Structure formats: C-alpha cells, structure tokens
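Structural description and commentary
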Amino acid sequence: MMKSLGSIRRSFAPWADPASKPFISVKNVTKKFGDFTAVDDLSLNIYTREFFALLGASGCGKSTLLRMLAGFEQPTSGEIILDGQNLAGIPPYRRPVNMMFQSYALFPHMTVENNIAFGLKQDGMPKPEIAERVAQMLKLVKLEKFAQRRPHQLSGGQRQRVALARSIAKRPKVLLLDEPLGALDKKLREETQFELMDLQQELGLTFVIVTHDQEEAMTMADRIAVMSHGKVVQVATPAEIYEAPNSRFVADFIGDVNLFDGTVIGVEGGSLRIETTSGIQLRMASPEKPASGAKAAVAIRPEKIRISRQPPDHAPVNTAEGEIWDIGYLGDMTVFHVRLKDGKVVKASSLNAVRAVEDPLGYDQQIWISFGEDAGVVLKD
Amino acid sequence: MAKLASALVSRLVIIVPYAWLLFFFLIPFFIVFRISLSQTAVAMPPYTPVFDLAGGLAGILEKAREFSVDNYVWLTDDALYFNAYVSSLVIAAISTLLTLLIGFPIAYGMAKAPRSIRPTLLMLVILPFWTSFLIRVYAWIAILKPEGLLNQFLTTIGIIDQPLIILNTNSAIYIGIVYSYLPFMVLPIYSALEKMDNSLIEAAQDLGCTPTSAFWRVTFPLSLPGVVAGCLLVFIPAVGEFVIPDLLGGSETLMIGKTLWSEFNANRDWPVSSAVAIILLMILVIPIVYFQNVQAKADSEGK
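Please read all numbers here as calculations on a predicted model, not as lab measurements.

1. Some remarks on the domain arrangement of chain A
Residue and element names in this part refer to chain A. Along its sequence, chain A is carved into domain 1 (21-250) and domain 2 (256-379). With centres defined by C-alpha atoms, the gap from domain 1 to domain 2 works out at 39 Å. Between domain 1 and domain 2, the residue contacts involve 8 residues of the former and 8 residues of the latter. Between domain 1 and domain 2 the total buried area reaches about 680 Å² when both faces are included, carbon and sulfur atoms providing 47% of it.

2. Some words on the interface of chain B and chain A
When the parts come together, some accessible area is lost, and that loss is often what is quoted as the size of the interface. In this assembly, 20 residues from chain B lie in contact with 27 residues from chain A. Taken over both partners, the interface formed by chain B and chain A buries close to 2,000 Å², and the fraction arising from carbon and sulfur atoms is 59%. When the buried surface of chain B facing chain A is broken down by residue, D206, L207 and R217 of chain B rank first, second and third, together holding 39% of it. Our count for the contact surface shared by chain B and chain A stands at 1 salt bridge. In this structure, the salt-bridge partner of R67 of chain A is E202 of chain B, at a minimum N-O distance of 2.7 Å. At the surface where chain B touches chain A, the tally comes to 10 residue pairs in polar contact (both at pLDDT 80 or more). If you list the elements that add at least two residues to the side of chain B that touches chain A, you get α9 (198-206) and α10 (211-239) of chain B.

3. A few points about the packing of aromatic side chains
Aromatic ring pairs are described here by two measures, namely the spacing of the ring centres and the angle between the planes. Enumeration according to the criterion identifies 23 aromatic pairs over all chains in this entry. Measuring from centroid to centroid gives 5.6 Å for F249 of chain A and F253 of chain A, while their planes differ by 10 degrees, and the two rings are stacked. Of this pair, F249 of chain A and F253 of chain A both sit in helix α9 (residues 248-253), 4 residues apart, roughly one helical turn. Relative to W261 of chain B, the ring of F242 of chain B lies with its centre 5.4 Å away and its plane at 20 degrees, an arrangement referred to as stacked. Taken together, the positions of F242 of chain B in the loop between α10 and α11 (243-248) and W261 of chain B in helix α12 (residues 256-266) put the pair 19 residues apart, joining distant regions of the chain. Residue classification places W261 of chain B among the partly exposed positions, given a relative accessible area of 43%. Site record: aromatic cluster; members linked through ring pairs are F104, Y108, F215, W216 and F220 of chain B. Residue placement shows K344 of chain A over the ring face of F260 of chain A; its charged tip is 5.1 Å from the ring centre. Between R217 of chain B and the ring centre of F118 of chain A, over which it is positioned, the NZ or CZ distance is 3.8 Å.

Cut-off values and rules
- Residues numbered from 1 in each chain as written.
- Chains lettered and ligands numbered in written order.
- Predicted model: local features only at pLDDT ≥ 70, side-chain atom pairs only at ≥ 80, totals over all residues.
- Heavy atoms only, no water.
- Domains from an automatic or database assignment.
- Contact = heavy atoms within 4.5 Å.
- Buried area = accessible area lost by both parts, 1.4 Å probe.
- Salt bridge = Lys/Arg side-chain N within 4 Å of Asp/Glu carboxyl O.
- Polar contact = N/O pair within 3.5 Å; in protein donor to acceptor, adjacent residues only side chain to side chain.
- Helix = DSSP H or I, 4+ residues; strand = E, 2+ residues; numbered from the N terminus.
- Phe/Tyr/Trp six-rings, centres within 6.5 Å; stacked < 30°, edge-to-face > 60°.
- Buried < 20%, exposed > 50% of the residue type's maximum accessible area, 1.4 Å probe, protein only.
- Lys NZ or Arg CZ within 6 Å of the ring centre and 35° of its normal.

Written as structure tokens, this is what we have:
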C-alpha cells in the first residue's frame, strides 16, 4: 500500500506539465510594513496535492507570505488566486484554507475534543456529524485516549497533533503550516516529518509549509521555494535545488558546498574550462557557455570530492594537492577538511561503508582531491 | 548550620501571612463576635459582661453565662435590617454590573493598545488613587448637585432647562461606586487579557469565526478569571460601603454600612452593630467560599 503511494509520489510533477493549472497563484505580490519590504514582487504557482515548502532564514518574508495566504495580512500590491478565486479582501474566516500555527494556538479553556470541533461547530455542522469527524481526527493523530484532556495536560508532541487535527478537521483545500515541527526535539521531528507526508498523501490535500530547516524541507516537500529578502531565489524539487542550484546563495544555503571562483578560459566539447584564482584547472559540464574571460564559480558538494594518496589519471585537470587538516567522524560518514596549497580549505566527505578501514587517512597527510566533470555546477554569479 | 538557618527562614516566611491573618483578621473578628453576644450598658465600654481576671476562672465562666444571641434575634425582628441588607446587595450588584460594563471595554482597549503606551494607560488608571478617596467623593457632590458643574454644562449647551436631580438619589450612589471602584475592575481584566496570545484569536478566525464570534468564544472565556476577580473586588467593598451612600445618597437610601454607622455612633449600641457586622461578613464569605469550592472541584475534574 505504502509502496504504491510512493510511486505516485515520485511521478507527481504537475509543474512540469504546461497544461496543468496552478491551484494557488501568487502574482507579483509585495508586502510592506512601513519602510520595510517583507515580500518583494513575488510570484509563485502551487499545484493541487502538492507539498510545497517556503524555505529561508528568519526575516526572509516566508511567514508573511503564509499569513497573506491565510488572510491575516493583505498584500500591498499584487494578487493571490486560489482555485480560480481572487483572495483580495476575503477575510480569514471565509477562506477555504486552514493554518497550523507555530505556537499551535490551542484554546487553553477547551478540551482536545472541543479544540478539534471548534471550526466544525462554528460552521454549524450537525452534532452527530461533528462527533463522527472528531473521532476520525483523533484516530488519525492517535490521540483517542486524550479527548477529554486540556492542552496544558499534554506533551509537546501531543499538542502538535491536536493542532494538526484541528487544522485539518474542516477539510480545507489548502493547509498552511507555519514551522509546524519547530518546537519538537530532533527525533520526534524526524518521525513526524514522515507522518505528515503520509497524512498529506492520505488526505490528498495541498500543503504549504514554512520552515527554516532545510533538512525538513528536503525530506517532506515536492518542491521548495528558497527565499531571501522577500524574493524567491529558486523554486525546484529538492534534488534540483541540491544538485543544480541556480545561484551562489542557493548553493551555499542548502547543504555544504565548496565554491571555487575563477575565470572561463574556453569550451571543450560539452564542457567549460575554468581556471580558479589559485590556478586549479577545472573542466565542468555546463549547459550554458559563457564567453572566455567571464567570471564563473564552480560549486562542488563535499560528497562528490574524492581523496586519494596518488594524483588521479586526469591530472592536472579537476584535481588539487593538499593535506588533511581536520577530520570529523560522524558515524555514518567522515568529513575531511583538506587544506590546499594556496590555503583554501575544502570539505570532502566519504561514506563509512565498512566498519574498519586498513590504514585510514590521518592528520597532516599529503593527499590529492579530485572530482568528475559532472560533480560541480557552474554558477555565473 | 546554614541549612538549619535556611529552613528556619523558609518557615518564617510561611508564618508571616498566617500571623498577619491572626492579628488583623481573626482576633478582631473574635472581639467583634464576642461583643455581638453581649448586652448594651451605660458604661465604658458600653456593654456587659466585661471580664475581670480578679474573679479567677470561676468568675469568668460565671460571666460567660451572660452571653446570648438576643442581638441576632432582634435583627430578625426589625425589618429595617433585612431591608438594609437586601438593598445593599442590590445596589452593590447593580454597581458591579455597571462597573463591569464600563471596565471591560477599557481593559480590552488597554490590552489592544500598542505595547509602548500601555504603561502610560496603566498609570492613568491608577492615577486617581493619588488623591484622597474622600476628596474625590466630595468632588462628585460639586459636580452632581442641582447647581453643580454637570447641570450648568447641560443647561449652557441647551440640552436641559431644568436642573437634573441626581445628588441624594441612588443614581448618585451608582456613579460614586462605579467611579471609585473602576480601577479594581479594570486591572484584573487587563492582566487576564494582556497575557492572552494573539494567535488564539487568529486561530479562531482561521477556523471560521468572525471577529465578534472569536471574541465571545475565545477572548471572553479566557478573560473570565479576571472578570470574576474584578467583580469580587468591586462587589465585596460595595456591599459594606458607607462613605459614598452617606455623602451622595439621599435620606431614603438604605445601606447596611450606613445603618451600622448610626447604630454604633448615634445609638451607641455596640452589641447590635457588632451583630450587624458579623452577619454582613457571613453573607459575603459563605457564598464566596462555596463558589470557590465548586470551582476547585470543576478544575480537578477537568484533569
């Protein structure tokens, strides 16, 4: 059962299909608070049943965008279309969206049951139906035994589940989640990430989540919008964001990366020849072919860098000599900090696939780092 | 040694409030209670029996036989006292309700005001306390009397041509009580509203509440502890209020505080006025203790 869901998940890519219509359309939205521009001429499309993440550092405008979707803030200019309806001027209580708050915002004077039933009662749903729906929600979040408790009698994880149950009880078209796992400890957070994904699949809802935790966004989202200073820098699947960042900012923001600044010196077949400022010769596959003399940066992830005791066959291209400067053993993998001849420190990581290594690499050892032509991404800025 | 000292200090800290209650509530209460069981006498002090240690234990026991509940029986015989109690409770209840109706919006406005001006607003609420209570009540006489400021103002702008008779009526008492006790209503409600998380209101609106229904389903229930505290703080002193009915009320106004005062000073009947005071205390304390018990039970059932 889960397997088939997984395969649906993998083949889900409405954004790649020009015929599919976006469910939420954010068009040139700007939001100003006094002099401060929180969201700056931002446009985005989100599709039905998508798990969409807004990722960025605090103050990048992601929460403001979410609050505009919920109706707590009005855009200064631009418009938001949801399922063909322009949301301008529609107050929060008439929008077919529900929000799960970062603080959970559970009503302290009500039991778990009444918290979940709150929105249903407000809509005037008949009592037997409310009872049925609440029971269903409690089962979904595995809190049947806690129906009569008050929020202050629950643990953080339980409260988070109540907040979730309350926000999906009305079957909204879109569920907005504001840092939903921020208050949980690491282990619980990881478990809950997968539960949220399963839940989203099961209910067939569109989720828009705001997070500053890139791992969380990468794990859960179908697509991620990386935001900075009120603008979207890149919108893409987690794999694209990681493997093909479109800018220095994205490459640096998501995961670890080594950046080599240099100059384009020519084109060789499908690859660019670049010489770094410290004289390392690089040959990188690149769809774009800037003219010789143009500035370029190459971003290479640590796990794509190999370490060897001898110079590789393709020397002197895509390789550099250095010494092991630091070793960080993380259990599943080891991170090496390699100091190159010019003093630049490069991160390289290797998977610890076997338990004991004969003659492991040690501090101060002279080694060569090397990487393939498709290991890095050429960035223009 | 240091441990012993800190244990002693912590004991001492607990003792302080109990000692306070003992000396300033329980002992005076028993003195009043004892007088209420005595008989009035033309003497100093003006009641009997007066205990004298010279008679020894036997003498004290002999005199204690003179105690009786006659004063309480007498209170039930005369409708004046019953009417005064009822009228005090009614006036206090109406005043409390009026104070709530005026105080809640003030507290709500203060809690919604920008954080930077809240201390100023709070100070404005407390400011009247810096002037003597008596002077402020006297000031109301100057405002409310037929040729007073209010009537002059209203006749000048042409709303009325005959002065309104407010002074020496129950209306003047309501005005006086509401004015004097407003801060006691505003402050607890403000403190309940102020610590409320604004995201609760947003959550209610997100789940379909209009601002009005969000107020009645979330804001108001959460402010109830403050409302209850404020009402008790106004109602209890208002029942026994003496100065305001004496200065602003008319001759037909019947309040138990005034009755007690004339019994004590004009009649010099200490035993009866003590009985009046004890019954007033019972009327106030018993319902409050009962109410708190019920609430504590409800709270523990919720757990």
